[in-house]
Amino acid sequence: MTDEDEVRAVAAAFDEILVGNDATAVASYMTDDWVYVDAAGITSKSDLIGWIASGRLAHHTMTVVGGERLIRVGDTFVHTARKASSGLWDGSPYTTEEWISDLYVRESGRWRCAFSQKSV
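The following refers to the structure shown. Keep in mind the model is a prediction, meaning the values are calculated, not measured.

**Quick look at the side chain of Ser116**
Inspection of the secondary structure assignment puts Ser116 in strand β6 (residues 110–119). One polar contact links Ser116 to Asp102, side chain to side chain, over a distance of 2.5 Å. When residues no more than four places from it in sequence are discounted, the contact partners of Ser116 are Trp34, Val35, Tyr36, Val37, Ser101 and Asp102.

**Describing the pairing of strand β4 (residues 76–89)**
Of the pairings in the sheet, the one linking strand β3 (residues 57–73) to β4 comprises 13 bridges and is antiparallel in character. When the sheet's bridge partners are listed, Thr61 is paired in β4 with Ser86. From the end of β3 to the start of β4, which pair antiparallel, there are two residues, and Gly74 there has a positive phi angle of about 65 degrees. Where β4 folds back on strand β5 (residues 92–107), the antiparallel hairpin that results is connected by two residues, among which Asp90 adopts a positive phi of roughly 55 degrees.

**Comments concerning the environment of Ile42**
Within the secondary structure, Ile42 sits in strand β2 (residues 41–44). Put simply, Ile42 and Gln117 are 75 residues apart on the chain and 9.2 Å apart in space, counted from C-alpha to C-alpha. Those residues within four positions of Ile42 in sequence are excluded, and the remaining contacts are Val35, Tyr36 and Val37.

Calculation notes
- Counting of residues starts from 1 at the beginning of each chain's written sequence and follows it residue by residue.
- Under the rules for a predicted model, residues below a pLDDT of 70 receive no local features and side-chain atom pairs below 80 are neither given nor counted, while totals for whole chains, interfaces and linings still include all residues.
- Water and hydrogen atoms play no part in the side-chain values, which are based on all heavy atoms of the structure.
- A run of H or I in DSSP counts as a helix once it spans at least four residues, and a run of E counts as a strand once it spans at least two, with each numbered from the N terminus.
- What qualifies as a polar contact is a pair of N or O atoms within 3.5 Å, subject to a donor-acceptor requirement within protein and to the restriction that residues adjacent in sequence count only when both atoms come from side chains.
- By definition in these notes, contact holds between two residues if any of their heavy atoms fall within 4.5 Å.
- We call two strands paired when DSSP finds no fewer than two bridges between them.

What follows is the structure, given as structure tokens:
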């Protein structure tokens with residue numbers, strides 16, 4: 001399996017793990033210093049994992065709906081895709097379609113997400 005194939009598989013597994021809402025499993029796909037950036041600013045790994053663990057954030061679906069692209073820059077990959085998702089935030093249902101870019105690095109022999117950015 002090529003590095004590209006491995007990263008595509010990890011990206012797909014990360015989406016499945018998010019939908020499972022198991023905070024420990026989600027955290028295992030991220031580097032310790034992972035951050036998420038959107039129009040509201042920066043979210044740390046500890047904040048996101050806390051929200052999932054407490055039930056404040058629950059993903060119900062996460063599906064690639066188009067525009068998937070994977071590029072390699074040295075030993076790093078940028079995976080960008082248009083994704084549709086649904087779930088609960090603070091008890092209120094949400095659905096959205098957005099562009100998400102994830103940066104993957106090899107850490108301890110595994111590909112892990114080090115950075116995520118969303119734009120609607």
